[in-house]
Amino acid sequence: MNEPGVDEWGVDESGVKGKSRGEALRYLCATVPALFVGGLSILSAVNREVAPDLAHIALGLALFGAGLALMRWRHRFPWQVALATALLTLYSTTAAGPAYVTYVSLCTHRRWRQIVPVALATWLCPAAQLLWSDADKLRVVSVTSVTMVTGSVIVGGLTVFGLYLRTWRDLAASRRQAALEAQAHRLEQAKLAERVKIAHEMHDVLAHRISLLAMLAGGLSHRTDLTAEQTRETAQTIQENAHQSLNELRAVLGTLRRDGGVEDPQPNLADLDALFDEVRVAGQQVEVADTVDGRELLPAQTGRHAYRIVQEALTNARKHAPGTRVRAELGGRPGQGLRIRMSNPAPYAGSSSPSPSPGPGPGGRLGLVGLAERAQMAGGTLSHAVQDGHFILDVRLPWGA
């Protein structure tokens, strides 16, 4: 069987026009020998000043037409058609063209048990035709010898050509397969990268909301001086945050089901004030120094990354250094990039006893890993260190991330 898209002559048949061109090429190759033989017969008749043998011409045309008709079945019956067209040359060499084309097609299958007998028939039949003729025996032997030598060269060349075409076709098929696999790999990598982005969004949203809920719930469990009104307000805040977390999770899962980019939520730098107010209501102490110039010119993508980085940094501070004051410093302008510097007292720094506040949440250093990945995804850099008892997170993003 031939590989899809390439025929046994190595012609690309991926489209209707390509298939038509390939078929026309094969029939043209089959016609050339018949035209050559016919031309020689006419020249011979003219030189000898004799009338053309109309019966022989009619037989030659009939056998040539039969050979062309048999070519149509060479894919379904490769060796049978090749042998039949070769036997036609016993009666007229005008059928040599179809015989050569079907023989090349047979060679592309690389089935030597079929190729060898058909090659012998293709080689011997034209010579046998001369031996059966009524011409001078000495001349017949001479012409037959030349015919057999020529036939050997032709059959050998056709065999090499058919094997070469099969090798070329296999190489083309392997290249197409490799290209398809590479394309599938690129698509899979693109889908994976998109899901990683969505996973980042899901982590940032849920970690922020759940840590707020943990802080509020922890306050309720540790505070014994709250009035009934304050307890109701805290419970209402917990309910609102839980409802908001469900809405944001539903939005992120919706983008995952649509196999699309992150569409909702899409916060930006302008939403940071609301974020700071939200965490302050929950009890987190935040000090902000914002010197960003030209924030209205900040691309939405950069603003989203900046918002998520600040949000995750606040979440990490609540988890690992609860009850401490966080300082957020933002600065930058078009052409210079955006800088985010978050700092808070390092947990247990300078003390052998843990904080009396509710203990830090789980997560290890995964929050820092996520921040580093997001900064890298935005084309920026992230560094962190403990200096003078404070944990400092320093992020730099290009303005057009």
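So, a few notes on the structure that sits alongside this text.

The rules behind the values
Residues numbered from 1 in each chain as written. Predicted model: local features only at pLDDT ≥ 70, side-chain atom pairs only at ≥ 80, totals over all residues. Heavy atoms only, no water. Patch = residues over 30% accessible without salt bridge, like charges linked within 9 Å, V, L, I, M, F, W, Y side chains within 5 Å. Areas by Shrake-Rupley, 256 points an atom, 1.4 Å probe, with all protein chains shown as cover. Salt bridge = Lys/Arg side-chain N within 4 Å of Asp/Glu carboxyl O. Buried < 20%, exposed > 50% of the residue type's maximum accessible area, 1.4 Å probe, protein only. Pairing = 2+ DSSP bridges. Helix = DSSP H or I, 4+ residues; strand = E, 2+ residues; numbered from the N terminus. Axes fitted to C-alpha atoms, helices over the stretch in contact; angles between N-to-C directions. Contact = heavy atoms within 4.5 Å. Right-handed = clockwise from strand over helix to strand, strands pointing away. Parallel < 35°, antiparallel > 145°, perpendicular 65-115°, else oblique. Left-handed = near helix turned anticlockwise from the far one by under 90°. Nonpolar A, V, L, I, M, F, W, Y, C, P; charged D, E, K, R; others polar. Core = buried A, V, L, I, M, F, W, Y, C linked by side-chain atoms within 4.5 Å. Expected span 1.5 Å × (residues − 1).

**Here's the deal with a nonpolar patch on the surface**
- Among the surface-exposed residues, W112, V116, L120 and L124 lie close enough to one another that they form a single nonpolar patch of about 380 Å² accessible area.
- Taking the relative accessible area as the measure of exposure, L120 reaches 44% and is therefore partly exposed.

**Some thoughts on the sheet that holds strand 5 (residues 390–397)**
- One open sheet holds the 5 strands; their spatial order is 1-2-3-5-4, and the pairing between them is mixed. The sheet is open, and its two edges are formed by strand 1 (285–292) and strand 4 (381–387), each paired on a single side. Neighbour-to-neighbour, the strand axes of the sheet open up by a mean angle of 10°, direction not taken into account.
- With 7 bridges joining them, strand 2 (residues 325–333) and strand 3 (residues 337–345) adopt antiparallel strand pairing. Looking across to strand 3, one finds that R327 is bridged to S343.
- The strands touched by helix 8 (residues 272–281) within the sheet are strand 1 and strand 2, with strand 1 carrying the most contacts at an inclination of about 170°.
- In this fold helix 9 (residues 300–320) packs onto strand 1, strand 2, strand 3 and strand 5, with an angle of close to 5° to the strand it touches most, strand 3.

**Description of the pairing of strand 2**
- The pairing of strand 1 with strand 2 spans 8 bridges and is parallel. For E287, the partnering residue across the bridge sits in strand 2 and is R327.
- Note that the unit made of strand 1, helix 9 and strand 2 has a crossover that is left-handed.
- What sits between strand 2 and strand 3 in their antiparallel hairpin is a turn of 3 residues, with G335 showing a positive phi close to 90°.

**Points about the packing of helix 8 against helix 9**
- Close contact between helix 8 and helix 9 brings their axes to 10 Å; oriented N to C, the two are set at 15°. The orientation of helix 8 relative to helix 9 falls into the category roughly parallel. Like other packed secondary-structure pairs, helix 8 and helix 9 cross with a definite hand, here right-handed. Taken together, the residues of helix 9 that come into contact with helix 8 (itself represented by L272, L275, F276 and V279) are Y307, V310, Q311, L314 and R318.
- Of the residues that constitute the contact of helix 8 with helix 9, the class distribution is 7 nonpolar, 1 polar and 1 charged.

**Observations regarding the nonpolar core**
- Residues L272, V310, L314, L330, I340 and M342 are the most contacted members of the largest nonpolar core, which totals 32 residues.
- The set of elements that each furnish at least two residues to this core consists of helix 6 (137–222), helix 8, strand 1, helix 9, strand 2, strand 3, helix 10 (366–377) and strand 5.
- In terms of residue count, the dominant contributor to this core is helix 9 (7 residues).
- When residues no more than four places from it in sequence are discounted, the contact partners of V310 are L272, L275, F276, L330, I340 and M342.
- One finds V104, V118, V155 and L165 within the second-largest nonpolar core, a separate group that totals 11 residues.

**So, unusual backbone geometry**
- Even without a glycine there, the phi angle at R110 is positive, about 55°.
- Within the secondary structure, R110 is located in the loop between helix 4 (96–107) and helix 5 (112–131).
- At D388, a residue that is not glycine, the phi angle is positive and equals roughly 50°.
- Examined against the element boundaries, D388 turns out to sit in the loop between strand 4 and strand 5.

**Observations regarding helix 4**
- For helix 4, built from 12 residues, the straight-helix expectation of 16 Å at 1.5 Å per residue is met to within 8% by its first-to-last C-alpha distance of 16 Å.
- Burial of helix 4 is extensive: 11 of the 12 residues sit out of reach of the surface.
- Turning to helix 4, its buried residues are A96, G97, P98, A99, V101, T102, Y103, V104, S105, L106 and C107.

**Observations regarding the pattern of salt bridges**
- Taken as a whole, this structure holds 9 salt bridges when the rule is applied.
- Among the ionic pairs, D170 bridges to R166, the shortest N-O distance being 3.1 Å. Of the two residues, D170 and R166 are both situated in helix 6; the distance of 4 residues between them amounts to about one turn of the helix.
- The partner of R341 in a salt bridge is E329, and the shortest N-O contact between them spans 3.3 Å. Of this pair, R341 sits in strand 3 while E329 sits in strand 2, and the two are 12 residues apart along the sequence.
- Accessibility expressed as a relative area gives 22% for R341, which makes it partly exposed.
- Via salt bridges that share partners, E287, R327, E329 and R341 belong to a single interconnected network.

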